[in-house]
Structures are given as C-alpha cells and as structure tokens.
Amino acid sequence: NTGEKRIALTIEEPESVAALNQAGIDYEAVQASHELLQKGNTAYKEGDLETAQTLMQESLEQNPKNQSTYRALAKLQRDLGLVEDEAQTYREWIDNVPGTATAHYMLASALERSGNYEEAYQEVNRFLALDQDNVRRFAMAAGQFQRLGRDDDVARVLQAWNQVAPQSADAHRSMAEYYRRS
C-alpha cells in the first residue's frame, strides 16, 4: 500500500483541472502519460515492441510517477530478456515514487533472475518493511526468500505471518509445508 491517491483521468471540468494543477498535479501531463501508455500497450499487443518501449518511455517523461507505465515497461523488458533494463526500470520507479513496496519486490525478482542474490535479498527486506498493511507480503517474501535459498528468512517470515494472522489457514499451511520440506 503506497498511500497513493488515484485520480480519474476523465475530469473535464476546468475547475477540477485547475484544482489538480494547484495541488501540484499537472493534469495535462498525467493525461498525456496515460494516453501514451495506452498506445504503448496497443503496440505491444500488435508485436511492435520497439514502438511500445518508446511510447512507454515517453509516457514516463510526461509523468515520472505513472506506476502503471513502470510496470508495463518492465514487463516488456522482461519479455525481451532485458533483465538489466528491467531492473533499472524498477530502480527508477523506486526513485520517482518512494515507498512503493511492489517496485522493491519486483526489483528483487529481477535481481534474483540476474544472479544478484545479495541485492535481491536486501530488496525483499525493503519490500517487507514498506508493505506493512498487506498480509500477502508474507507469502510473497517467503517465496522470494526460498528462491534465494534463505531458509532461515523463510521460517522468520512464515512465523511472523502466523503471529499476525493466527486465523489464516494459508499461513498455517505454508508453515506446515515449510516444516515438511525442512
């Protein structure tokens, strides 16, 4: 949970646009970013990956806080096997939208795939620290720690999950599965 407030991109009343601009939100840039992302997604679906990447990068130039664009661009880069570019996109997301837990989790996954296990480990811990309101973080982190070969951290996270959500059948099953594998 980033605490981010989302705005509808269909606002047309001049007073509302002025209020957004006064609050430091450039409505026109946000709208342009959204439109460029849509065009990029269309190009991606049509198989024009170079155009898709260019449009997504232009989307981020218009609005460097557009989390949907970071996610789409990183997915495109992952699909192309550009793991270093994907990781860089997540780093830019983190820099431009601080406190976004999802970006840390996704960066950890990219780093793990590229063999940078220590940095991936650090990013999973950042993810856990930032995503305090989301109980799913435990399962996500445990899975990532398992892929990183960090059994002690898997146990730590699963135990924390069982403490935070003692009524969760998933937490109990995950802990039992961990003990079965150990």
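Here the structure is a predicted model, which is why all the values come from computation and not from measurement.

Student: Where do I start with helix H5 (residues 83-96) in this structure?
Tutor: Working note: α-helix, 3.6 residues per turn, so residues spaced by three or four point in the same direction. Between the first and last C-alpha of H5 there are 20 Å, a value that for 14 residues agrees with the 20 Å anticipated at 1.5 Å per step. All of the buried residues in H5 are Glu86, Ala87, Thr89, Tyr90, Trp93 and Ile94. Down the axis, H5 shows its buried residues gathered within 155 degrees of arc, on one side only. More than 90 degrees from the buried face of H5, the exposed residues found are Glu84 and Asp95. The inward-facing, buried residues of H5 abut helix H4 (67-79), helix H6 (101-113) and helix H7 (117-130).

Student: In this structure, what is going on with the packing of H6 against H7? I would like to understand it.
Tutor: In helix packing, the relevant descriptors are the interaxial angle and the interaxial distance, both defined with respect to the helix axes. Two numbers describe how H6 lies on H7: the axes approach to 8 Å, and their chain directions differ by 160 degrees. If you check the angle between H6 and H7, you find them roughly antiparallel. Pair H6 / H7 crosses with left-handed handedness. Taking contact as the criterion, the partners of Ala101, Thr102, His104, Tyr105, Leu107, Ala108, Leu111 and Glu112 in H6 are, on H7, Tyr117, Glu119, Ala120, Glu123, Val124, Arg126, Phe127 and Leu130. Its residues placed into classes, the contact of H6 with H7 shows 10 nonpolar, two polar and four charged.

Student: Hey, could you run me through the packing of aromatic side chains in this one?
Tutor: The description of an aromatic ring pair uses the distance of the two centres, along with the angle that the planes make with each other. Applying the stated criterion to the full structure yields six aromatic pairs. When the ring of Tyr105 is compared with that of Phe127, the centres are 5.1 Å apart and the planes differ by 50 degrees; the resulting orientation is tilted. With Tyr105 in helix H6 and Phe127 in helix H7, this pair connects stretches of sequence that are 22 residues apart. Pairwise contacts between aromatic rings join Tyr70, Tyr90 and Trp93 into one cluster. Sitting over the face of the ring of Tyr121, Arg150 holds its NZ or CZ atom 3.6 Å from the ring centroid.

Student: Help me out: how do you make sense of the pattern of salt bridges in this one?
Tutor: Two side chains of opposite charge can pair, provided their charged atoms sit close to one another. All told, the structure shown has 10 salt bridges when counted by the stated rule. Of the charged contacts in the structure, one is a salt bridge between Arg91 and Glu119, with a shortest N-O distance of 3.1 Å. Linking Arg91 in helix H5 with Glu119 in helix H7, this pair joins segments that are 28 residues apart in sequence. Taking relative accessible area as the criterion, Arg91 reaches 24% and is therefore assigned partly exposed. Counted as one network, the salt bridges with shared partners bring together Arg78, Glu86 and Arg113.

Student: What should I look at first to understand the nonpolar core in this one?
Tutor: A general trend in soluble globular proteins is that nonpolar side chains are found buried together. Tyr90, Trp93, Ala141, Phe145, Val157 and Leu158 are the most contacted members of the largest nonpolar core, which totals 44 residues. Those residues in contact with Phe145 that sit more than four places away from it in its chain are Tyr121, Val124, Asn125, Leu128, Arg150, Asp153, Val154, Arg156 and Val157.

Student: Explanation requested: H7 in the structure shown.
Tutor: Relative to the 20 Å expected for 14 residues at 1.5 Å per residue, H7 spans 20 Å between its end C-alpha atoms, a close match to the ideal helical length. Ala120, Tyr121, Glu123, Val124, Phe127 and Leu128 are the residues of H7 that are buried. The buried side chains of H7 occupy one side of the element, clustering within an arc of 165 degrees when seen end-on.

Rules and cut-offs
- Residues numbered from 1 in each chain as written.
- Predicted model: local features only at pLDDT ≥ 70, side-chain atom pairs only at ≥ 80, totals over all residues.
- Heavy atoms only, no water.
- Helix = DSSP H or I, 4+ residues; strand = E, 2+ residues; numbered from the N terminus.
- Expected span 1.5 Å × (residues − 1).
- Buried < 20%, exposed > 50% of the residue type's maximum accessible area, 1.4 Å probe, protein only.
- Arc of directions from axis to C-beta.
- Contact = heavy atoms within 4.5 Å.
- Axes fitted to C-alpha atoms, helices over the stretch in contact; angles between N-to-C directions.
- Parallel < 35°, antiparallel > 145°, perpendicular 65-115°, else oblique.
- Left-handed = near helix turned anticlockwise from the far one by under 90°.
- Nonpolar A, V, L, I, M, F, W, Y, C, P; charged D, E, K, R; others polar.
- Phe/Tyr/Trp six-rings, centres within 6.5 Å; stacked < 30°, edge-to-face > 60°.
- Lys NZ or Arg CZ within 6 Å of the ring centre and 35° of its normal.
- Salt bridge = Lys/Arg side-chain N within 4 Å of Asp/Glu carboxyl O.
- Core = buried A, V, L, I, M, F, W, Y, C linked by side-chain atoms within 4.5 Å.

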